[in-house]
Amino acid sequence: MTPPQPADQSRRASVPSHAAKEHARLCEQLNRHSHLYHVDARPEISDAEYDDLYRELQALEREHPALVRPDSPTQRVGEEPQDKFETVGHVVPMLSLDSTQEAEEVARFDERVRKALGAGIDPVYVLEPKLDGASIELVYEDGVLARAVTRGNGRSGEDVTANIRTIPTVPLRLRSEERSAPSVLSLRGEVMMYISDFQDFNAGLVEAGSEPYASPRNSAAGAVRQLDPGVTASRKLHVVAYDVLFVDGATFATDSEGVRAIREWGFMVPERVETVRSSEAIMAYHRAFADVRDDLDYEIDGIVIKLDDLAARAAMGSTSHHPRWALAYKFPPRQEVTRIDKIDVQVGRTGVLTPVALLLPVVVGGVTVSRATLHNREELRRKDLREGDTVRIQRAGDVIPQVVEVVEPGDDRPPPFEMPTECPACGSAVYEDGPRTICPNRFGCPAQLKGRIIHFGARHALDIEGLGEETANLLVDRGLVTALAGLFELTAEQLMALEGFAEKSATALVDAIQAKKQPDLDRFLTALGIPEVGVTVARELAAHFGSFARIRVATREELETMSGFGPRMSEVITAFFADERNGAAIDALLAHGITPTESEPRSSDLPDLGTAVFTGTLPVARVVAESAWRGVGGNTSGSVSKKTAFVVAGENAGSKLEKAQKLGVEVLDFDAFVARLREHGGDIEVEA
Ligand code: IVH
């Protein structure tokens, strides 16, 4: 009897060489045609011919499963939905970009660069469009896509490899016809959705009763964070790569060389990249792109100016936040002139009354705008906006349109607009809190309930498909839902009685609601609409406490031990849970069988490394020391308090050292700090 062999080896041995050759040929052909179609936009064969080749490859792989490799064209969508994304570190930090809208700032940037380079050396700048998508890191090992990671906090992000694999402009294996693949390559790029695809996609969402996305960027970012790669695959994304973050096995002297290599390895790169030598040329490029901006099928929000010479870049260095050798020169927000037909008042889920201008519809940068927020009473008074006025409005990125100013007052102007004294939705007497006007009827006001329902089902909360604004309005207006828990009692029969619902859509909504009975703890917290608790804070709370039961009873003091949780925020959160009516609303949800996920509280499995404060002259720049400590999971601060874990004192340390000694806070010298860093798996390099 032969001993058992590893399955793969025995199978590979049985693949005849002609099959292996044929497999390689088909992969090469399919990759080439996919690149011609998706990246170069000049296909050489028809879709049908491509599909034939693809089916041949599938058939061959069915016959010889040992031939299947992760970079085979058949392996783009294959993985099962995931429970969650793992957090992984970036190969090198993904910094932000410094940005400005002012020409003078650009001139000052140019001066700083010239000063850094020294007299007589003229800088060469690479100019690129600033793509308005979702940032991503792509890592290739030995030419094969190993990892794709969202930007996250810049040091680590979420591993979304399975999703990024589904994007046809992302090579699963680097092309190597023109340039061989390096052993390790980390690239930075932008996940984008074409505006035309975005509009089609949003139209579909609206048709299905879901809330549309606010911008192609939000939509792309949402698609990248789907747990089911099949969903990402259906979203028509593309990736444009523009920066070599790290490479081992190739060297470049300039950014332009790097971008050329990126293109040769098979990626889509930004259009119209130019190198220039003067700030006049930068201005001209900026103007030219502003002119074509509205004709592009993708969103850009400015241009990026980067120093081309990589050695000069290294000499200029970076702050902890952004490189000193690059600047985003943004476009001004898009503006148009239109007329205010009417001023309306909306009541949000927290009871705040917001005046809203209903406008004569106008197209602003490709989007039809028919309403704009007027913020609050004081803003309205300051700008003196009235019905009938001709006004300038603006839209910056995906931000809600705003009214900038009156261009021409209307004829027969009505008197200045006054906020109502009663809530337009429930009639309760409103009260004023600073510039805001608030309806106090938290649990009886139908407008607040509508807002809470929409928030509960929103994409970043419980993500209930089909529970958009229109449906929420119907549910409340018809008395079918009087509290959040009521959502879980809805039946398909009830929904079918509402306009716009048929059996299929009614059943789908009931199923979508019922499917969220075991929500992720952080999403459940977000969905509750606790003041101050957005997505990020909810994640922090969930990771720290692990269970809803613990969070509900957390004290102010406990919350305040968490980094970033100040006294006010901690107070607001505990007050929310202490309110009896909130408690009853939550109990009703739990009574319907809602069980948020639980995990080990972070405090027990990951010791809090504490907050370090650095003072005096250190052998490395302070930001370097700070980021090293944060890199192993610690925190840093600029000031010493009782909560400080230790102070690292360099030469000539002054008042901070004194304060630490007075408070009895531990003081380390730099070497002791490095030793502590190493205990936690970190390190720091000190140049001799
Ligand atoms: S260079 C650290 N080039 O804009 C500098 N960034 O708002 C490396 N972005 O997070 C970035 N287009 O993701 C660079 N052509 C381009 C870009 C670009 C878009 C993004 C980038 C950054 C964001 C800052």
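It should be emphasised that the depicted structure is a prediction, and the values quoted were computed from it without experimental measurement. (Residues numbered from 1 in each chain as written. Predicted model: local features only at pLDDT ≥ 70, side-chain atom pairs only at ≥ 80, totals over all residues. Heavy atoms only, no water.)

### Notes on the site of the ligand
Our working rule: Near, as used in this document, describes a residue that has one of its heavy atoms within 4 Å of the molecule or strand being considered. In protein, a polar contact means a hydrogen-donor-capable atom and an acceptor-capable atom, both N or O and within 3.5 Å, with residues adjacent in sequence counting only if both atoms are side-chain atoms; elsewhere, any N or O pair within 3.5 Å suffices. In these tables, accessible area is a Shrake-Rupley quantity obtained with a 1.4 Å probe, and a residue counts as shielded only by the protein chains included in the view. Put simply, DSSP H or I for four residues or longer makes a helix, DSSP E for two residues or longer makes a strand, and each gets a number counted from the N terminus. Each residue is assigned to one of three groups, with Ala, Val, Leu, Ile, Met, Phe, Trp, Tyr, Cys and Pro labelled nonpolar, Asp, Glu, Lys and Arg labelled charged, and all others, Gly among them, labelled polar.
Surrounding the ligand, one finds 14 residues, the nearest of these being Glu128, Lys130, Ser135, Arg188 and Tyr242. One nitrogen or oxygen atom from the main chain of Leu131 is found 2.9 Å from a nitrogen atom belonging to the ligand. Within the complex, the protein chains bury 88% of what would otherwise be the 540 Å² of accessible surface of the ligand. If you tally residues by element for the shell around the ligand, the top one is strand E3 (residues 125-131), at four residues. Considered class by class, the residues forming the shell around the ligand number seven nonpolar, two polar and five charged.

### A look at the sheet that holds strand E22 (residues 666-668)
Stated formally: For two strands to be treated as a pair, DSSP must find no fewer than two bridges joining them. Structural elements are reduced to axes, namely lines fitted to C-alpha atoms, with helices fitted over the stretch in contact, and the angle between N-to-C directions of any two is expressed from 0 to 180 degrees. Whether two residues are in contact is decided by their heavy atoms, any of which lying within 4.5 Å being enough.
The four strands are arranged E20-E19-E21-E22 in an open sheet whose pairing can be described as parallel. Edge positions in the sheet fall to strand E20 (635-637) and E22, since each has one partner strand and no second. The sheet shows a mean angle of 30° between the axes of neighbouring strands, taken without regard to direction. Both strand E21 (residues 644-649) and E22 contribute to a ladder of three bridges, which runs parallel. Note that in E22 the partner of Val647 across the bridge is Val667. Strands strand E19 (611-615), E21 and E22 of the sheet are contacted by helix H25 (residues 655-663), whose axis makes an angle of about 135° with E19.

### Comments concerning the nonpolar core
Here is the rule we go by: We define the nonpolar core as a collection of buried residues of types Ala, Val, Leu, Ile, Met, Phe, Trp, Tyr and Cys that are connected through side-chain atoms lying within 4.5 Å of one another. Working definition: with a 1.4 Å probe on protein chains only, accessible area under 20% of the residue-type maximum means buried, over 50% means exposed, and in between means partly exposed.
The biggest cluster of nonpolar side chains holds 51 residues, and the ones touching the most others in it are Ile453, Phe456, Leu487, Leu495, Leu525, Leu541 and Leu589. What Leu525 contacts, discounting residues up to four positions off in sequence, is Ile530, Val533, Ala538, Leu541, Ala542, Phe548 and Ile551. The next biggest cluster of nonpolar side chains, apart from the first, holds 34 residues, and it includes Ile136, Leu174, Met193 and Phe267.

### Some thoughts on unusual backbone geometry
Non-glycine residue Arg272 carries a positive phi angle of around 55°. Looking at the element boundaries, Arg272 is found in the loop between helix H9 (255-264) and strand E9 (274-276). Judged by its relative accessible area of 45%, Arg272 is partly exposed. Its identity is not glycine, yet Asp412 carries a phi of approximately 45°, on the positive side. The exposed category is assigned to Asp412, whose relative accessible area is 76%.

### Quick notes on the confidence of the model for the chain
As a note on interpretation, predicted positions should not be read in detail where pLDDT is low. For clarity, the cut-off: Per residue, pLDDT captures the predictor's confidence, and it can take any value from 0 to 100.
On average, residues of the chain carry a pLDDT of 91, and 97% of them reach 70 or more. Note that pLDDT drops below 50 for residues 1-11; the model gives that stretch four contacts with residues more than four away or on any other chain.

### Looking at the packing of helix H2 (residues 17-38) against helix H3 (residues 47-63)
Two quantities define a packed helix pair, namely the angle between the axes and the distance from one axis to the other. Cut-off, in case you're wondering: Between 65 and 115 degrees an angle is taken as roughly perpendicular, under 35 as roughly parallel, over 145 as roughly antiparallel, and anywhere else as oblique. Left-handed describes a crossing whose near helix is turned anticlockwise from the far helix through less than a right angle; right-handed describes the clockwise counterpart.
Closest axis-to-axis distance for the H2/H3 pair is 10 Å, and the angle between their directions is 150°. Looking at the two axes, H2 sits roughly antiparallel to H3. In the packing of H2 onto H3, the handedness of the crossing is left-handed. Between H2, through Ala19, Glu22, His23, Arg25, Leu26, Cys27, Gln29, Leu30, His33, Ser34 and Tyr37, and H3, the contact on the second element is made entirely by Asp47, Tyr50, Leu53, Tyr54, Glu56, Leu57, Leu60 and Glu61. In the contact of H2 with H3, the residues fall into 10 nonpolar, four polar and five charged.

### Details of the pattern of salt bridges
Spelled out, the test is: Salt bridges are counted wherever a side-chain nitrogen of Lys or Arg sits within 4 Å of a carboxyl oxygen of Asp or Glu.
Applying the stated rule across the entire model yields 38 salt bridges. Of the charged contacts in the structure, one is a salt bridge between Glu379 and Lys383, with a shortest N-O distance of 2.6 Å. Here Glu379 and its partner Lys383 are both found in helix H12 (residues 377-383), four residues apart, which amounts to about one turn of the helix. A relative accessible area of 25% means that Lys383 is categorised as partly exposed. For Glu405, the salt bridge goes to Arg392, with nearest N and O atoms at 2.9 Å. Placement of the pair is Glu405 in strand E16 (residues 402-408) and Arg392 in strand E15 (residues 390-395), with a sequence separation of 13 residues. One salt-bridge network, held together by shared partners, links Asp384, Arg386, Asp389 and Arg413.

### Description of the environment of Arg151
As for its placement among the helices and strands, Arg151 is situated in the loop between strand E5 (144-150) and strand E6 (156-158). When its relative accessible area of 23% is taken as the criterion, Arg151 is described as partly exposed. The spatial distance from the C-alpha of Arg151 to the C-alpha of Leu358 is 38 Å, given a sequence separation of 207 residues. For Arg151, the contacting residues outside a window of four places in its chain are His90, Met94, Leu95, Ser96, Ser135, Ser156, Gly157 and Arg188. Within the structure, the side chain of Arg151 is placed 3.1 Å from the side chain of Ser96, a separation counted as a polar contact.

### Thoughts on the state of the cysteines
By definition, a disulfide links two cysteine residues through a covalent bond between their sulfur atoms. Test applied: For the purposes of this analysis, a disulfide is any pair of cysteine sulfur atoms at a distance within 2.5 Å.
Taken as a whole, this structure holds zero disulfides when the rule is applied. Sulfur of Cys423: no disulfide; nearest cysteine sulfur belongs to Cys426 and is 3.7 Å away. The exposure class of Cys423 is buried, given its relative accessible area of 3%.

### Digging into the packing of aromatic side chains
This is how it is decided: Only the six-membered ring of Trp is used, alongside the rings of Phe and Tyr, when aromatic pairs are assigned; centres must lie within 6.5 Å, and planes under 30 degrees apart are stacked while those over 60 apart are edge-to-face, with the rest tilted. A ring has a charge above it when a Lys NZ or an Arg CZ is no more than 6 Å from the ring centre and no more than 35 degrees off the ring normal.
One pass over the full model with this rule turns up 14 aromatic pairs. When the ring of Phe548 is compared with that of Phe577, the centres are 6.0 Å apart and the planes differ by 70°; the resulting orientation is edge-to-face. Remark: Phe577 occurs in helix H21 (residues 567-578) and Phe548 occurs in helix H19 (residues 548-552); sequence separation between them is 29 residues. Here Phe548 falls in the buried class, since its relative accessible area comes to 6%. Given a relative accessible area of 11%, Phe577 falls into the buried group. Stacked on the ring of Trp325, the Lys or Arg Arg313 has its end atom at 4.0 Å from the ring centre.

### Concerning the environment of Trp629
Here Trp629 is to be found in helix H24 (residues 622-631). With relative accessibility at 0%, the residue Trp629 sits in the buried group. Taking the C-alpha atoms as reference, Trp629 lies 49 Å from Gly444; in sequence the two are 185 residues apart. Residues in contact with Trp629, not counting those within four places in the same chain, are Leu609, Gly610, Ala612, Phe614, Gly634, Asn635, Thr636, Phe646, Phe673, Arg676, Leu677 and His680.

### Side note on the packing of helix H13 (residues 446-457) against helix H14 (residues 469-477)
Where H13 meets H14, the closest approach of the two axes is 9 Å, and the angle between their N-to-C directions is 135°. The orientation of H13 relative to H14 falls into the category oblique. Here H13 and H14 pass one another in a crossing that is right-handed. Contacts between H13 and H14 involve Pro446, Leu449, Lys450, Ile453 and Ile454 on the former and, on the latter, Glu469, Ala472, Asn473, Val476 and Asp477. Here the contact of H13 with H14 is built from residues that sort into six nonpolar, one polar and three charged.

### Focus on the sheet that holds strand E10 (residues 300-307)
Strand order in the open sheet made by the five strands is E2-E11-E10-E3-E9, with mixed pairing throughout. Strands at the two margins of the open sheet, each flanked by one partner only, are strand E2 (99-100) and E9. Across five bridges, the pairing between E10 and strand E11 (residues 326-330) is antiparallel. Paired with Ile303 across the two strands is Tyr329, which belongs to E11. Sheet strands in contact with helix H4 (residues 103-117) are E2, E3, E10 and E11, and its direction is about 165° off that of E11.

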